[in-house]
Amino acid sequence: MEQEYIKISELNNYIKSLLDKDIYLNKVYLKGEISNFKNHTRGHLYFTLKDDESRISAVMFQSSAVKLTFMPEDGMNVLVSGRISAYPAQGSYQIYVDKMEVDGLGALYIEYEKLKKKLATLGLFNKEHKVPIPKYPEKIGVITASTGAAVKDIMSTIKRRYPICEVILFPCLVQGKDAAPDIVRQIKRADEYGLDTIIVGRGGGSIEDLWAFNEEIVAYAIYECNTPIISAVGHEIDWTIADFAADLRAPTPTGAAEMAVPTVLDVNTLIDNYKIRLNKNIKNMVNTKFIKLRSLKNSFILKNPMSMYEVKEQKLDSLMDGLNKNIKLVLTDKENKLNKINMSIIFQNPYNLIKDKKIKFDLLLNTLKLVNPLGILEKGYSLTTINNKIIKNKDEVKINDIIDIRLHIGQIKAEVKEIK
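The rules behind the values
Residues numbered from 1 in each chain as written. Predicted model: local features only at pLDDT ≥ 70, side-chain atom pairs only at ≥ 80, totals over all residues. Heavy atoms only, no water. Salt bridge = Lys/Arg side-chain N within 4 Å of Asp/Glu carboxyl O. Helix = DSSP H or I, 4+ residues; strand = E, 2+ residues; numbered from the N terminus. Buried < 20%, exposed > 50% of the residue type's maximum accessible area, 1.4 Å probe, protein only. Contact = heavy atoms within 4.5 Å. Arc of directions from axis to C-beta.

S.K.: Quick question: what am I supposed to make of the pattern of salt bridges here?
M.R.: Any two side chains of opposite charge can pair, given that their charged atoms come close. In the structure shown here, the tally under the stated rule is 11 salt bridges. The closest approach of N and O atoms between aspartate 182 and arginine 185, which form a salt bridge, is 2.7 Å. Placement of both aspartate 182 and arginine 185 in helix α5 (residues 179-190) is noted, with a separation of three residues, approximately one turn of the helix. Exposure remark for arginine 185: the relative accessible area of 51% places this residue in the exposed category. Measuring nitrogen to oxygen at the nearest pair gives 3.8 Å for the salt bridge that ties aspartate 243 to arginine 249. Accessibility expressed as a relative area gives 4% for aspartate 243, which makes it buried.

So, in structure tokens, the structure goes:
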């Protein structure tokens, strides 16, 4: 019997049809680590899922990839669901992923980074919003669990270093779903107590244990608080959103207490330094005043007080001499002017002046009479007008016109009866 040979594509398509018909392979759930990740320009995602012993190719088409809330990358542990089928062109089988999420702690870390980036963009972590922690506080508020190592460490450290400071505890939940709202409530409450500093934190733990301090509402409560806040969450390697939002981040709760208050020794040393500086300043001031006093005691004026008045007396004499000289000059000038006036022609023979002025006046008066248009009326002439206009020609009037005739003495109003 002759053997029948088939094409490779026919075999791969047959295998694909078998896989597509298997109900157990139509919906599978896998977890593994991403490697060889490629984000295609068309939006499709190609990668390999692997565990410690095996691997499988995977593809997530653009229609499903757009629903992701994160960007996959190599080394990320994920949970995927999809169907198993073959890719005939290469003769391999793969999983076609329709859903993907980050596995376990990786999901929390992505959420942490996402919120951190968001709040940083909004400016909640900017340095200009942070205020300095008071060096010598009188009252400090502590927001943490009422039991546990954190509150004991903070209280004992403050009491040992700076016993004169009053510490007020604001107990709150520091773990679980109700912790974040409780922390926010106590921050707002403590902000109304007139405190110098607030310490917010808890002891160490896993990322899930510390998660309340990664909540957005806690970050905003710290940002909006008017009282300076020191964040003290977990151990030195633990960084939470609260650390970035606070005015100061402490590596541990004990470290926060040390940052919040000085030691008695530091204060005593500071006071001693102030005493030394004060005594030195007073001594310098006294020496300066003593030198100035000695200089004044040895001055010429104090040793010879009359010398100051002698100079003033000489200056007064000089001023008096100058004044007398100026007065004499003014009187002499006025006397010369008076003599000159007395010697003038007017004062010697005033009648001749008057006579001369009368002659000039008569000449001017006669001149005015000659040019006066009314002067001719004295000789018997008259001036005839109509409507205040002098009549020079008979054509300027007509019969029955009323005319005015001005004489040397008086006026006549007349009516024209005849014109020649």
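S.K.: Help me out: how do you make sense of the side chain of threonine 48 in this one?
M.R.: Mapping threonine 48 onto the fold places it in strand β2 (residues 45-50). The exposure class assigned to threonine 48 is buried, which follows from its relative accessible area of 12%. Once residues within four sequence positions are removed from consideration, threonine 48 is found in contact with Glu33, Ile34, Ser35, Asn36, Arg55 and Ile56.

S.K.: How should helix α6 (residues 216-224) be read in this particular structure?
M.R.: Think of an α-helix as 3.6 residues a turn; residues three or four steps apart then line up on the same face. Buried within α6 are the following residues: Val218, Ala219, Ala221 and Ile222. One face of α6 carries all of its buried residues, which in axial projection span an arc of 160°.

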